[in-house]
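Tertiary structure, described
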There are 2 protein chains.
Amino acid sequence: MNKEYEVVIIGGGPAGLTAGLYTSRDRLNSLLIERGLAGGQIVNAQWVENYPGFPEGISGFELGQLIHQQATKYGLETVTAEATGIELQQEQKVVKTTESNFIAKAVIIASGSERHKLGIPGEEEFTGKGVSYCATCDAAFFRQQPVAIVGGGDAAITEALHLAKFASRVIVIHRRHQLRASRILQEKALAEPKIEFLWDTVVEEIVGKDSVKRLKLHQVVTGEKPTLEIAGIFISIGLKPNTNYLKGILPLDATGHISTNEKMETEIAGIFAAGDIRYHSARQAIAAAGDGATAAIYAEKFITGQS
Amino acid sequence: MNKEYEVVIIGGGPAGLTAGLYTSRDRLNSLLIERGLAGGQIVNAQWVENYPGFPEGISGFELGQLIHQQATKYGLETVTAEATGIELQQEQKVVKTTESNFIAKAVIIASGSERHKLGIPGEEEFTGKGVSYCATCDAAFFRQQPVAIVGGGDAAITEALHLAKFASRVIVIHRRHQLRASRILQEKALAEPKIEFLWDTVVEEIVGKDSVKRLKLHQVVTGEKPTLEIAGIFISIGLKPNTNYLKGILPLDATGHISTNEKMETEIAGIFAAGDIRYHSARQAIAAAGDGATAAIYAEKFITGQS
């Protein structure tokens, strides 16, 4: 038989964990579905300086653990499984997973999004040790040091401009001979003396010891294989919200994100979305956690008929 | 001469402090204007159990201090003053205050809202010691104890229903002989055996020692003056966003709140709003902090022409 809950939460990052902390503390029978480690993407962040409340910073792993511990304390159940779909049966929502199906009065979708990876040697090994997917999070760790950024779209060039405030040099590595970024961003980047460009170039390997030391590159037109000494590499080649299992159930935008209103309500009554899965999300742990609290509060109002 | 900043933030609660932490860490020259103590309303919370990252809880005062310390560490300036208006001068915003005027490229409004107070003896003294303005925050502290709630609107009855999950008795004290709350909420409250009503009654004094012990009441029809033994009193008689100084500058809704989109943008380019001042805010520190981060990120994009 399918187990019943008042609230089922999909995703165990800061958004889902905070939603679970709130619904459990509000005495709603709550289940959190997470396919990996509780904490979500934040567990990959070696040091988080911008989560408010920790002036000295905190490791992403520890922050994830603390929030999970806090939610569990109030009764949140967690199951390790991957969500595969949601089925609407009158007032009930059936959340299908790789393990079992769960019935809920309200569902909070917080399954986040994933940054595309280069898939090259050294990338995984040095993630959080010089390899980063978020300049807002990590630029400040590279003061007066040379860094590379891989990508050519708006996001990559925005991150390059941000990095230029901290780093000694910012080398943009792009596999094509021109940027996809908007002209205004291109002009700004070209006008910034700290920013240099390596065109028609791909990164083949990230090399280091305790942290990143250099990149092995491949100039695809000339065939040259130079190396580049840097302290950090930022990878900005797109991201993908984890919403495949929601196709045909919830309206998704062209990039696969979910739109909500300020109550975190989606277009289906009783289904809420929180965190990086949302359109225009700030992609920050604190913003995701805030979304989770808001979704939980309006999910409770929905369940008790007060919304 | 008016001092110039890239970002001026109005309000030093979790929303404003987090916005300041982000803009300062992103190397934007930032000023925070706060009329009282850094931390905002949260400093009145004796113990906060639902701010994610602190499984054992934390005092509201300490949480406010920690976030302020963290923002200051990255260079946020703070001035003690009250904002009195914003003037638009071409691309610049002039924030007028009781101390001085400040010029900004972007303004983040995070001046919060205030719960209406009863204005009776004992109310201020026992705030955080049995007197609360937020059932979501504090209901869990009153397990198996009798509590009172003052008010008769939707918010008060929603809070009464929430309190009934924890408290042994919930006494709704209302100065009129019928509720203003919606019929569905009234029906739910009348059907809940733990909830009782005292009609035509006002609270004249809150009495206690280390914490609240009893209420001195006044039945306005009969003239009787009974007392009521309770462990906690929740006051839910409305709230007022601190937006008086924005009248005629920004569109406010009927309740004085500001509407934003998911980027925290208001209807005026370069003016953002975050936290309890927003329409449908969850009224939680974590949600306000999340708003602050989002506003800061989009303020930076606005200033650098990337939005």
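Here, the structure is the one placed above.
Just so we're clear, the structure is a prediction, and the values are computed from it rather than from any experiment.

Basis of the calculations
Residues numbered from 1 in each chain as written. Chains lettered and ligands numbered in written order. Predicted model: local features only at pLDDT ≥ 70, side-chain atom pairs only at ≥ 80, totals over all residues. Heavy atoms only, no water. Helix = DSSP H or I, 4+ residues; strand = E, 2+ residues; numbered from the N terminus. Rg over C-alpha atoms; globule rule 2.2 N^0.38 Å. Buried < 20%, exposed > 50% of the residue type's maximum accessible area, 1.4 Å probe, protein only. Areas by Shrake-Rupley, 256 points an atom, 1.4 Å probe, with all protein chains shown as cover. Lys, Arg positive; Asp, Glu negative; His and termini not counted. Charge placed at Lys NZ, Arg CZ, Asp CG, Glu CD. Pairing = 2+ DSSP bridges. Contact = heavy atoms within 4.5 Å. Axes fitted to C-alpha atoms, helices over the stretch in contact; angles between N-to-C directions. Polar contact = N/O pair within 3.5 Å; in protein donor to acceptor, adjacent residues only side chain to side chain. Salt bridge = Lys/Arg side-chain N within 4 Å of Asp/Glu carboxyl O. Buried area = accessible area lost by both parts, 1.4 Å probe. Nonpolar A, V, L, I, M, F, W, Y, C, P; charged D, E, K, R; others polar. Core = buried A, V, L, I, M, F, W, Y, C linked by side-chain atoms within 4.5 Å. Least-squares fit on C-alpha atoms with pLDDT ≥ 70 in both. Phe/Tyr/Trp six-rings, centres within 6.5 Å; stacked < 30°, edge-to-face > 60°. Lys NZ or Arg CZ within 6 Å of the ring centre and 35° of its normal. Disulfide = S-S within 2.5 Å.

Details of the overall build of chain A
Across its full length, chain A carries six helices and 17 strands. For 307 residues, the compact-globule formula gives about 19 Å, and the C-alpha radius of gyration of chain A, at 21 Å, lands near that figure. Principal-axis analysis of the C-alpha atoms gives chain A an extent of 60 × 40 × 35 Å. Going through the 307 residues of chain A one by one, you find that 59% of them count as buried. Counting every atom, chain A has about 12600 Å² of accessible surface; 49% of that belongs to carbon and sulfur. Across chain A, the centroid of the 31 positively charged side chains sits 2 Å from that of the 35 negatively charged ones.

Remarks on the sheet that holds strand E9 (residues 146–150) of chain B
Residue and element names in this part refer to chain B. Strand order in the open sheet formed by five strands is E8-E15-E9-E10-E11, and the pairing between neighbours is parallel. In this open sheet, the two edge strands, each paired with only one partner strand, are strand E8 (131–132) and strand E11 (195–198). Summarising the sheet, E8 and strand E15 (residues 232–235) pair through two bridges and their orientation is parallel. Residue Val131 lies in a different strand from E15, and its bridge partner there is Ile233. With respect to the sheet, helix H4 (residues 154–163) is in contact with E9, strand E10 (169–173), E11 and E15, its orientation differing from that of E9 by roughly 170°.

Some thoughts on the side chain of Lys93(A)
Residues and elements named next belong to chain A. Mapped onto the elements, Lys93 comes out in strand E5 (residues 92–97). Looking at Lys93, its side chain comes within polar contact range of the main-chain oxygen of Ala269, at 3.2 Å. Beyond its immediate stretch of four places on either side in the chain, Lys93 contacts Ile86, Glu87, Leu88, Phe102, Ile103, Ala104, Lys105, Val107, Ala269, Gly270, Ile271 and Phe302.

Observations regarding the pattern of salt bridges
Residue and element names in this part refer to chain B. For the structure on display, the rule yields 27 salt bridges over all chains. Here Arg35 makes a salt bridge to Glu114, at a shortest N to O gap of 2.5 Å. In this pair, Arg35 is assigned in the loop between strand E2 (30–34) and helix H2 (60–73) and Glu114 in strand E7 (residues 113–115), connecting sequence segments 79 residues apart.

Thoughts on the interface of chain A and chain B
If you look at the interface, chain A gives 56 residues, while chain B gives 56 residues. The junction of chain A with chain B conceals about 4900 Å² of combined surface from both sides, 50% of it contributed by carbon and sulfur atoms. Close ionic contact of Arg25(A) with Glu49(B) constitutes a salt bridge, the shortest N to O distance being 3.0 Å. There are 40 residue pairs in polar contact (both at pLDDT 80 or more) connecting chain A and chain B. At the level of elements, helix H1 (14–25), helix H2 (60–73), helix H3 (135–138), helix H4 (154–163), helix H5 (183–191) and helix H6 (285–303) of chain A are the ones that each hand at least two residues to the side of chain A that touches chain B. Counting residues per element, the side of chain A that touches chain B draws most heavily on H6(A), at ten residues. When the residues that make up the side of chain A that touches chain B are grouped by side-chain class, the tally is 26 nonpolar, 16 polar and 14 charged.

Here we look at the side chain of Thr23(A)
Residue and element names in this part refer to chain A. Of note, Thr23 is situated in helix H1. Taking relative accessible area as the criterion, Thr23 reaches 1% and is therefore assigned buried. If sequence neighbours within four positions are ignored, Thr23 has contacts with Val7, Ile9, Leu28, Ser30, Ile108 and Ala296.

Description of the nonpolar core
If you look at soluble globular proteins, the nonpolar side chains tend to sit buried side by side. Counting 78 residues, the largest nonpolar core has Tyr51(A), Ile108(A), Ile286(A), Tyr51(B), Ile108(B) and Ile286(B) as the members making the most contacts within it. Residue contacts for Tyr51(A): discarding those within four places in its chain leaves Leu63(A), Ile67(A), Ala285(A), Ile286(A), Ala289(A), Tyr51(B), Pro52(B), Gln70(B) and Ile286(B).

Some thoughts on the sheet that holds strand E14 (residues 227–229) of chain B
Residues and elements named next belong to chain B. Here three strands make up an open sheet; going across it, the order is E12-E13-E14 and the pairing antiparallel. Looking along the sheet, the strands with just one partner apiece sit at the ends: strand E12 (201–208) and E14. On average, each strand axis in the sheet is tilted by 30° relative to the strand beside it, whichever way the strands run. For E12 and strand E13 (residues 212–219), the ladder comprises seven bridges, and the chain directions are antiparallel. In the sheet register, Val202 faces E13, and the bridge partner there is His218.

Focus on unusual backbone geometry
Residue and element names in this part refer to chain A. One non-glycine residue, Arg27, lies in positive phi territory at about 60°. Residue Arg27 is classed as partly exposed on the basis of its relative accessible area, which comes to 41%. Unlike most non-glycine residues, His280 shows phi in positive territory, near 65°. Position of His280 among the secondary structure elements: in the loop between strand E17 (271–273) and H6. Taking the relative accessible area as the measure of exposure, His280 reaches 26% and is therefore partly exposed.

Some details on the environment of Ala38(A)
All names here are of chain A. Tracing the sequence through the fold places Ala38 in the loop between strand E2 (30–34) and H2. According to the relative accessible area criterion, Ala38 is buried, its value standing at 14%. Measuring from C-alpha to C-alpha, the distance between Ala38 and Thr18 comes to 12 Å, with 20 residues separating the pair along the chain. Apart from the residues lying within four places of it in its own chain, the contact partners of Ala38 are Gly12, Val43, Gln65 and His68.

A few points about the relation of the copies chain A and chain B
Rotating chain A by 180° and moving it 0.0 Å along the rotation axis overlays it on chain B with an RMSD of 0.0 Å. Overall, the copies show the geometry of a two-fold rotation axis. No C-alpha of chain A lies nearer the rotation axis than that of Gly290(A), which sits 2.4 Å from it. Interface overlap between copies: 100% of the residues of chain A at the interface are likewise at the interface in chain B, consistent with a symmetric, same-surface contact.

Section: the packing of aromatic side chains
The tally for this structure, following the rule as stated, stands at twelve aromatic pairs over all chains. Centroid distance Phe54(A) to Phe54(B): 4.8 Å. Interplanar angle 5°. Geometry classified as stacked. With one member in each of two chains, Phe54(A) in the loop between E2 and H2 and Phe54(B) in the loop between E2 and H2 form a pair that bridges those chains. What makes Phe54(A) buried here is its relative accessible area of 13%. With a centroid separation of 5.0 Å and 5° between ring planes, the pair formed by Phe197(B) and Trp199(B) is classed as stacked. Classification of Trp199(B) by relative accessible area gives partly exposed; the value is 30%. Of note, Arg25(A) hangs over the ring of Tyr74(A), and the distance from its end group to the ring centre comes to 5.7 Å.

Description of the state of the cysteines
Residues and elements named next belong to chain A. For the structure on display, the rule yields two disulfides over all chains. One disulfide in the model links Cys134 with Cys137; its S-S distance is 2.2 Å. Between Cys134 and Cys137, the disulfide has an S-S torsion of 70° and is therefore right-handed. With a relative accessible area of 8%, Cys134 lands in the buried category.

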